[in-house]
Amino acid sequence: RRRGWRAAVGDSEFALRTLSAFAGVLTVAATFQLGRALAGKNAGYLAALFTALARAGVWTSQDLRPYVFGALFATLSLGAAIAWLRRPTWKTAALYLLVTAAGWWNGFFFVAVSFAQNLAFLSYWFFASPSPSANPELVEGRVRRGGSTERSGGRGVRLLGWLTLQLLTALL
């Protein structure tokens, strides 16, 4: 990972640390997008501010080791998981697989990130029952995907899809 970066920017300590600094800036931007998607623009700004000022984030962004990539991949993985939950298409599934696999390849601690995501998904699946008035498509047994309407089992299909994503991630 660092060899290509070293060939592009040189051997100085400053040049080698810029990759981590760039990943730290991307983490702040990804946190803004995640906060905006979950709770609105102001929440996104606040989340980005807290991420930018967090001591651990600043420290890892200055480090030569690629620890900050773990935070970047964790943020992107959570964003991709939420995107898949909101709209389960092959594109959101591929994005989730790509980012989560990169996180797993980056470091062993990503096991904790995947565990937390699975725990959150299962609690959402078990405890959040869809109300018919909130989504009339589920009452009819139809889910919109990419402009077409397909018959589906609703929650059971989503659980099967999530478990399939987790299996594919583990195989990567």
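Residues numbered from 1 in each chain as written. Predicted model: local features only at pLDDT ≥ 70, side-chain atom pairs only at ≥ 80, totals over all residues. Heavy atoms only, no water.

Asker: Can you lay out the side chain of Ser61 for me, pointing to particular residues and giving the numbers?
Answerer: Inspection of the secondary structure puts Ser61 in helix H4 (residues 55-62). A polar contact is formed between the side chain of Ser61 and the backbone oxygen of Gly57, at a distance of 2.8 Å. Every residue in contact with Ser61, bar those within four places of it in the chain, is listed here: Arg17, Ser20, Ala21, Gly24 and Val68. (Helix = DSSP H or I, 4+ residues; strand = E, 2+ residues; numbered from the N terminus. Polar contact = N/O pair within 3.5 Å; in protein donor to acceptor, adjacent residues only side chain to side chain. Contact = heavy atoms within 4.5 Å.)

Asker: Lay out the nonpolar core with the relevant residues and their values.
Answerer: With 11 residues, the main nonpolar core is built from Ala80, Ala81, Trp84, Ala93, Tyr96, Leu97, Phe121, Trp125, Leu159, Trp162 and Leu165. Elements with a minimum of two residues in this core: helix H5 (68-86), helix H6 (90-106), helix H7 (110-127) and helix H9 (155-171). For Ala93, the contacting residues outside a window of four places in its chain are Trp84 and Leu165. Judged by nonpolar contacts, the second largest core, of 10 residues, contains Ala30, Leu72, Ala74 and Val113. (Core = buried A, V, L, I, M, F, W, Y, C linked by side-chain atoms within 4.5 Å. Buried < 20%, exposed > 50% of the residue type's maximum accessible area, 1.4 Å probe, protein only.)

Asker: Lay out H6 in plain terms, naming residues and giving numbers.
Answerer: Compared with the 24 Å implied by 1.5 Å per residue over 17 residues, the 24 Å span of H6 between its first and last C-alpha is a close match. Taken residue by residue, H6 has Thr92, Ala93, Tyr96, Leu97, Val99, Thr100, Ala101, Gly103 and Asn106 as its buried positions. (Expected span 1.5 Å × (residues − 1).)

Asker: Could you give an account of the packing of H5 against H6, naming the residues involved and the relevant values?
Answerer: Viewed as axis vectors pointing N to C, H5 and H6 meet at an angle of 155°, and their least axial separation amounts to 8 Å. Accordingly, the angle class assigned to the pair H5 and H6 is roughly antiparallel. Every pair of crossing elements has a handedness; the one defined by H5 and H6 is left-handed. On the side of H5, the interface is formed by Phe69, Gly70, Phe73, Leu76, Ser77, Ala80, Ala81, Ala83 and Trp84, while H6 contributes Thr92, Ala93, Leu95, Tyr96, Val99, Thr100, Ala102, Gly103 and Asn106. Of the residues belonging to the contact of H5 with H6, the class tally is 12 nonpolar, 6 polar and no charged. (Axes fitted to C-alpha atoms, helices over the stretch in contact; angles between N-to-C directions. Parallel < 35°, antiparallel > 145°, perpendicular 65-115°, else oblique. Left-handed = near helix turned anticlockwise from the far one by under 90°. Nonpolar A, V, L, I, M, F, W, Y, C, P; charged D, E, K, R; others polar.)

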